[in-house]
2 protein chains.
Amino acid sequence: MTERRKPAGQPDKRRAIVAGALTLFARDGYTRAGLDAIAAEAGVSNRTIYNHFLDKAELFQTVIQESTQRVAGTMVDIIDRHLSKVVDLEKDLVDFGLAWIGVLTSDLAPHFALIRQINAEVEHIPPAALKLWQETGPGRTRRELAERLHRLAERGDLAIADPARAAGHLMLLISADNLTDRADLHDEDALRAMVTAGVRAFLHGYGR
Amino acid sequence: MTERRKPAGQPDKRRAIVAGALTLFARDGYTRAGLDAIAAEAGVSNRTIYNHFLDKAELFQTVIQESTQRVAGTMVDIIDRHLSKVVDLEKDLVDFGLAWIGVLTSDLAPHFALIRQINAEVEHIPPAALKLWQETGPGRTRRELAERLHRLAERGDLAIADPARAAGHLMLLISADNLTDRADLHDEDALRAMVTAGVRAFLHGYGR
DNA sequence: TAATGAATGCAATGAGCGGTGTAATCGGGT
DNA sequence: ACCCGATTACACCGCTCATTGCATTCATTA
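Conventions and cut-offs
Residues numbered from 1 in each chain as written. Chains lettered and ligands numbered in written order. Predicted model: local features only at pLDDT ≥ 70, side-chain atom pairs only at ≥ 80, totals over all residues. Heavy atoms only, no water. Contact = heavy atoms within 4.5 Å. Buried area = accessible area lost by both parts, 1.4 Å probe. Salt bridge = Lys/Arg side-chain N within 4 Å of Asp/Glu carboxyl O. Polar contact = N/O pair within 3.5 Å; in protein donor to acceptor, adjacent residues only side chain to side chain. Helix = DSSP H or I, 4+ residues; strand = E, 2+ residues; numbered from the N terminus. Axes fitted to C-alpha atoms, helices over the stretch in contact; angles between N-to-C directions. Parallel < 35°, antiparallel > 145°, perpendicular 65-115°, else oblique. Nonpolar A, V, L, I, M, F, W, Y, C, P; charged D, E, K, R; others polar.

Student: I tried to follow the interface of chain B and chain A on my own but got confused; where do I start?
Tutor: Frequently, the measure chosen for interface size is the accessible area that the parts lose on association. In this complex, chain B contributes 45 residues to the contact, which on the side of chain A involves 45 residues. Buried area between chain B and chain A, summed over both chains or domains, comes out near 3,900 Å², and the portion from carbon and sulfur atoms is 52%. The three residues of chain B that bury the most area against chain A are R32, R165 and Y206 of chain B, which together make up 19% of that side's buried surface. Where chain B touches chain A, the interface holds four salt bridges. Of the charged contacts in the structure, one is a salt bridge between R165 of chain B and D177 of chain A, with a shortest N-O distance of 3.0 Å. For the pair chain B and chain A, the interface holds 22 residue pairs in polar contact (both at pLDDT 80 or more). Within the residue set of the side of chain B that touches chain A, elements represented by two or more residues are helix 1 (11-32), helix 6 (109-120), helix 7 (127-155), helix 8 (163-174), helix 9 (176-179) and helix 10 (188-204) of chain B. Looking at the side of chain B that touches chain A element by element, the count peaks at eight residues for helix 10 of chain B.

Structure follows, in structure tokens:
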């Protein structure tokens, strides 16, 4: 059960390969991203990749796992930083939202292109791997956010029956324009407007 | 300017090709879907495809356009049917939402797999084609929904400052679980719970 | 310095795929 | 019966790509 990964190869090379693979998988997708291109991007020989990974599929899976964990960590940090002590609910939620979508344009941006690739190939990925990703990635951040919202509800700041569902709603509303249009992620004003509108909808709804 | 499409080939063959191509493009994506497989799925010779289409890219574009128009038409119908005359706002919105996500499991289902493919390859698609798709597909349905919501707001049933944005929010909230988890689209009770929760969030929010 | 494992360059294999040419066949209209 | 365009089966070209084998070089350590 305790399968030990072969520690073959030097760690810096391995990191370079994974980083380069992330870049190309994110830009071109699994099929289009050639191993020669990945090797070039990583500044490494084609042949070396096979010293570190069994085949292309294993490399892909590794890239997903490492990237997912890193991004999930960042997200959880943002949640904790912005929603630990809340004074002005709307303002703090907006600040949280801006930090949240800020990740989409950070150096972690390629990750989300990778997610789109996964989403497209969802039929061809073994359900176990998919489940694992769900759990350690979006699942983890959603649980963390749900926990925070639950605390706020207990304090009386929010009226939440199902924290997990509320967390899902908040995440969607914050970055709504990204999913409908393709929003301009570099227009600071537009971003603030989007997040603010999302937070207000989350707090008050549109009912009369 | 008025480019006439070559009417070469028999219409039923052409329809079979487009239908088969939709199936395989949706399941396997643009790159993985081979022309031989498409031909087999359509019950047609490989060579025949090139009687109707210039190349794989043109076939893909045709599939997208036709599928998009069909689905957008269906969506607009649903909007009109459920939101023309509203008596019980929450109930009518829930019914609307159920019909809306019902499309995701209908015979139009492959379309949305195709959308995921587009979304993944968004970097490799000419922006003009992307814009066109945006406009005739989701853009059209969102405008239609926004228009309906605007009427309801004028009537005093809703308080909406930006109808387009509200429409986007409603669409997201209705099918929230599909985007976070991978929801079970065949559990009737779960679907109703999801939609109801989304509609309530849309109407009242979570604020205290 | 000797030895060992890692990395590299190069070549090659085998498969899959987009696209084309061609000749034979089919089917409806005259 | 004849015609003509559409369709088909088949063979083929050129290309890309994952994967491997092999010989060579490099770096570190004993």
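Student: It is not clear to me how the packing of helix 4 (residues 56-83) of chain A against helix 7 (residues 127-155) of chain A should be interpreted in this structure. Could you clarify?
Tutor: How two helices sit against one another is set out by the angle between their axes and by the gap between those axes. Residues and elements named next belong to chain A. Running from amino to carboxyl end, helix 4 crosses helix 7 at an angle of 5°, the nearest separation of the two axes being 9 Å. As summarised for this structure, helix 4 and helix 7 are arranged roughly parallel, according to the angle between their axes. Contact residues: helix 4 offers I64, Q65, T68, Q69, A72, G73, M75, V76, I79, D80 and L83, while helix 7 offers L132, W133, T136, G137, R140, T141, E144, L145 and R148. Split into classes, the residues belonging to the contact of helix 4 with helix 7 amount to nine nonpolar, seven polar and four charged.

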